[in-house]
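Structure assessment
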Amino acid sequence: MGKLDDLQELWTTDKDKYYLVLLDDNSFGIVDKNNMALLIEEDELYILVIEKMISNGVKVVKAESNTKKFIEVSSQIAMEKYELFKNSLSI
């Protein structure tokens, strides 16, 4: 879990500096307040990071379909979408 530990600031000390964007396919983008995306190339690590971020209250948003403005998603809905995404993967 060393790599996961290296990223823990995403859901602990720096969690207010990042947010998750719920995408149309129920996957999530990790974005900082400067709108810079963070890419995690290892699928298993990505899945764990997303779960930790949602579980620890990192803000989750999605684009409203008609205006494309971001609206906040509740943590319950975010976790449901996360489970759908995780279950759709063959990891």
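Going by the structure above, here's the rest.
Everything in this summary refers to the structure shown in the same document. (Residues numbered from 1 in each chain as written. Predicted model: local features only at pLDDT ≥ 70, side-chain atom pairs only at ≥ 80, totals over all residues. Heavy atoms only, no water.)

1. Considerations on the overall build of the chain
As a reminder of what qualifies: Secondary structure follows DSSP: runs of H or I at least 4 residues long count as helices, runs of E at least 2 residues long count as strands, and numbering of each begins at the N terminus. When we talk radius of gyration, it's over C-alpha atoms, and the globule rule is simply 2.2 Å times the number of residues to the 0.38. Note on exposure labels: buried denotes an accessible area under 20% of the residue type's maximum, exposed denotes more than 50%, and partly exposed covers the range between, all computed with a 1.4 Å probe on protein chains only. Two residues qualify as a contact provided that any one of their heavy atoms is within 4.5 Å of a heavy atom in the partner residue. Residue-level accessible areas treat just the shown protein chains as cover; the underlying method is Shrake-Rupley with a 1.4 Å probe. Positive: Lys, Arg. Negative: Asp, Glu. His and the chain ends are not part of the count. Every charge is mapped onto a representative atom, which is NZ of Lys, CZ of Arg, CG of Asp or CD of Glu.
For the chain, the count of helices and strands is 3 helices and 5 strands. In sequence order, the chain lays out its α and β elements as α-β-β-β-α-β-β-α. Relative to the 2.2 N^0.38 estimate, which gives 12 Å for 91 residues, the radius of gyration of the chain is 13 Å and therefore close to what a compact globule would have. For the chain, the spread of C-alpha atoms along the principal axes amounts to about 40 × 30 × 20 Å. The 91 residues of the chain split such that 33% are buried. Long-range contacts, defined here as pairs at least 24 residues apart, represent 54% of the contacts in the chain between residues at least 6 apart. Here the chain displays about 6100 Å² of accessible surface, and carbon together with sulfur accounts for 48% of that area. Distance from the positive charge centre (11 side chains) to the negative charge centre (17 side chains) of the chain: 7 Å.

2. Points about the packing of aromatic side chains
Put simply, the rule reads: Classification of ring pairs uses Phe, Tyr and Trp, with its six-membered ring standing for Trp, and accepts pairs whose centres are within 6.5 Å; under 30 degrees between planes counts as stacked, over 60 as edge-to-face, and the remaining range as tilted.
For the coordinates displayed, the defined rule picks out 2 aromatic pairs. Relative to Phe-85, the ring of Tyr-46 has its centre 6.1 Å away and its plane inclined at 90°; by these criteria the two rings are edge-to-face. Of the two residues, Tyr-46 is situated in helix 2 (residues 43-55) and Phe-85 in helix 3 (residues 75-88); the sequence distance between them amounts to 39 residues.

3. Here we look at the environment of Tyr-19
Which entries qualify depends on this criterion: For the purposes of these results, a polar contact is taken to be a pair of N or O atoms within 3.5 Å, where, inside protein, one atom must be able to donate a hydrogen and its partner to accept one; residues adjacent in sequence count only when each atom of the pair is a side-chain atom.
Locating Tyr-19 in the fold gives a position in strand 1 (residues 18-22). Between the C-alpha atoms of Tyr-19 and Asn-35, which are 16 residues apart in sequence, the distance is 9.4 Å. With near-sequence residues (within four places) excluded, Tyr-19 lies in contact with Gly-29, Ile-30, Val-31, Asp-32, Lys-33, Asn-35, Val-58, Lys-59, Val-61 and Phe-70. Polar contacts involving the side chain of Tyr-19 include one to the side chain of Asn-35, which spans 2.7 Å.

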